[in-house]
Amino acid sequence: MVEIEKLSDQYIYNDDTYFDDYKYVTNSMLKNIRGGSGHNLESYINTTFPKTKALLLGSAFHCYILEPDEFEKRYVWIPKIDRRTKVGKQKYEEYLEQAGDREPVEEMYIDIFEAMETNIYNHPLVRGLLKDSKRETIHFWKDIETGLECKGKVDIEGDVFLADLKTTSERQGASPWKFEEFRTAWSVDQQGAFYIDGTQKKDFYFIMVELKAPHNVGVYKLSEKSLSNGRSMYREQLIDYKEWKEGEVSTFYNNNKALEV
């Protein structure tokens with residue numbers, strides 16, 4: 001197990017304060033400096049990215065399942081509106097004004113979220129992972145080898161495990177072969193290792209639930225081999241990050257050198 005020192009931070013306590021902070025190193029920051037390029041990391045830090053529909057639905061369903069008491073404070077159901085027309089645009093703006101700080105989610109997803117919730121709680125393993133678990137916890141730690149301070153926000157936390165809840169797109173799906181595509185595209189081995197080392201837990205699960213009917217659920221536990229692979233990835237990137245902070249890494253891949261392939 002990687003040696004860490006657990007930290008605390010009273011100023012970072014919710015999504016807004018968490019995502020506005022770049023004092024601590026996150027897994028997303030490390031993935032953006034992969035290959036030694038500072039351009040991607042600087043762009044990630046300095047750019048405000050618009051929330052896509054997929055991201056909105058994923059965030060809304062997270063809240064719906066993991067923090068149900070907070071859902072109506074953060075989201076509001078609205079009718080589906082054709083915003084291609086002048087009348088539709090005006091109607092949509094009126095709903096946004098009424099919503100205030102809450103984010104709008106189309107009413108058609110009420111039944112969809114309910115069906116997804118039913119399938120999640122009908123899955124014996126998922127039901128067990130959710131039972132008596134902590135939700136949306138934020139961890140801070142110092143990586144002893146590099147001296148870097150890190151943070152991670154955990155969806156589901158048990159005594160010896162962590163779990164991440166993922167809402168899959170219609171294209172992606174939750175099947176084993178689709179999960180393999182997802183794990184490669186999003187480097188989930190690295191995510192699991194970074195969070196396991198930062199929290200000193202043992203196991204990491206991904207709970208995948210399909211947005212498209214019939215809303216299949218898949219559960220995947222990272223093996224020791226996967227965690228070891230992910231650990232090698234993120235530790236290499238911690239070194240890249242430290243060198244970038246010290247001005248020793250170019251903004252280009254491979255430190256301006258040609259990489260023999």
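Our subject is the structure listed above.
Please read all numbers here as calculations on a predicted model, not as lab measurements. (Residues numbered from 1 in each chain as written. Predicted model: local features only at pLDDT ≥ 70, side-chain atom pairs only at ≥ 80, totals over all residues. Heavy atoms only, no water.)

Student: Please give an account of the overall build of the protein chain that cites residues and values.
Tutor: Helix and strand counts for the protein chain come out as 11 helices and eight strands. Compactness check: the protein chain gives a C-alpha radius of gyration of 20 Å against a globular reference of 18 Å for 261 residues, within 12% of the reference. Considered along the principal axes of its C-alpha atoms, the protein chain spans approximately 55 × 45 × 45 Å. The long-range share in the protein chain, meaning contacts at least 24 apart out of those at least 6 apart in sequence, stands at 69%. Total accessible area computed for the protein chain in this model is approximately 15,100 Å², and 49% of it derives from carbon and sulfur atoms. (Helix = DSSP H or I, 4+ residues; strand = E, 2+ residues; numbered from the N terminus. Rg over C-alpha atoms; globule rule 2.2 N^0.38 Å. Contact = heavy atoms within 4.5 Å. Areas by Shrake-Rupley, 256 points an atom, 1.4 Å probe, with all protein chains shown as cover.)

Student: So what's going on with the pairing of strand β4 (residues 134-143)? Which residues, and what values?
Tutor: Where strand β1 (residues 4-7) and β4 come together, four bridges link them in antiparallel fashion. Paired with Ile 4 across the two strands is Asp 143, which belongs to β4. In this sheet, strand β5 (residues 149-157) lies alongside β4 in antiparallel orientation, the contact comprising eight bridges. When the sheet's bridge partners are listed, Lys 142 is paired in β5 with Glu 149. (Pairing = 2+ DSSP bridges.)

Student: Describe unusual backbone geometry, and please don't skip the residues or the numbers.
Tutor: Glycine aside, negative phi is the norm for most residues, and most peptide bonds take the trans geometry. Here Ala 213 and Pro 214 are connected by a cis peptide whose omega angle stands at 10 degrees. The residue Pro 214 is located in the loop between β7 (203-210) and β8 (217-221) in this model. The backbone of Asp 132 sits at a positive phi, close to 60 degrees, despite the residue not being glycine. Of note, Asp 132 is situated in the loop between α8 (124-130) and β4. In this structure Asp 132 comes out as exposed when scored by relative accessible area, which is 73%. Positive phi outside glycine occurs at His 215, with the angle close to 60 degrees. By secondary structure assignment, the location of His 215 is in the loop between β7 and β8. Exposure remark for His 215: the relative accessible area of 8% places this residue in the buried category. (Buried < 20%, exposed > 50% of the residue type's maximum accessible area, 1.4 Å probe, protein only.)

Student: I'd like to hear about the layout of surface pockets, residue by residue, with values.
Tutor: The rolling of a water-molecule-sized probe over the atoms marks out the regions of remaining empty space. In this structure, the second largest pocket spans a volume of roughly 250 Å³. Together, 14 residues line the second largest pocket, and Leu 56, Arg 83, Tyr 92, Pro 104 and Glu 106 are the ones closest to its centre. Of all the secondary-structure elements, those providing two or more residues to the lining of the second largest pocket are α4 (53-66), α6 (86-99) and β3 (103-106). (1 Å grid on protein atoms, 1.4 Å probe; cavity = no way out; pocket = protein on both sides within 12 Å on 5 of 7 lines; lining within 4 Å. Points joined across faces, edges and corners; volume = space filled by probe spheres on them.)

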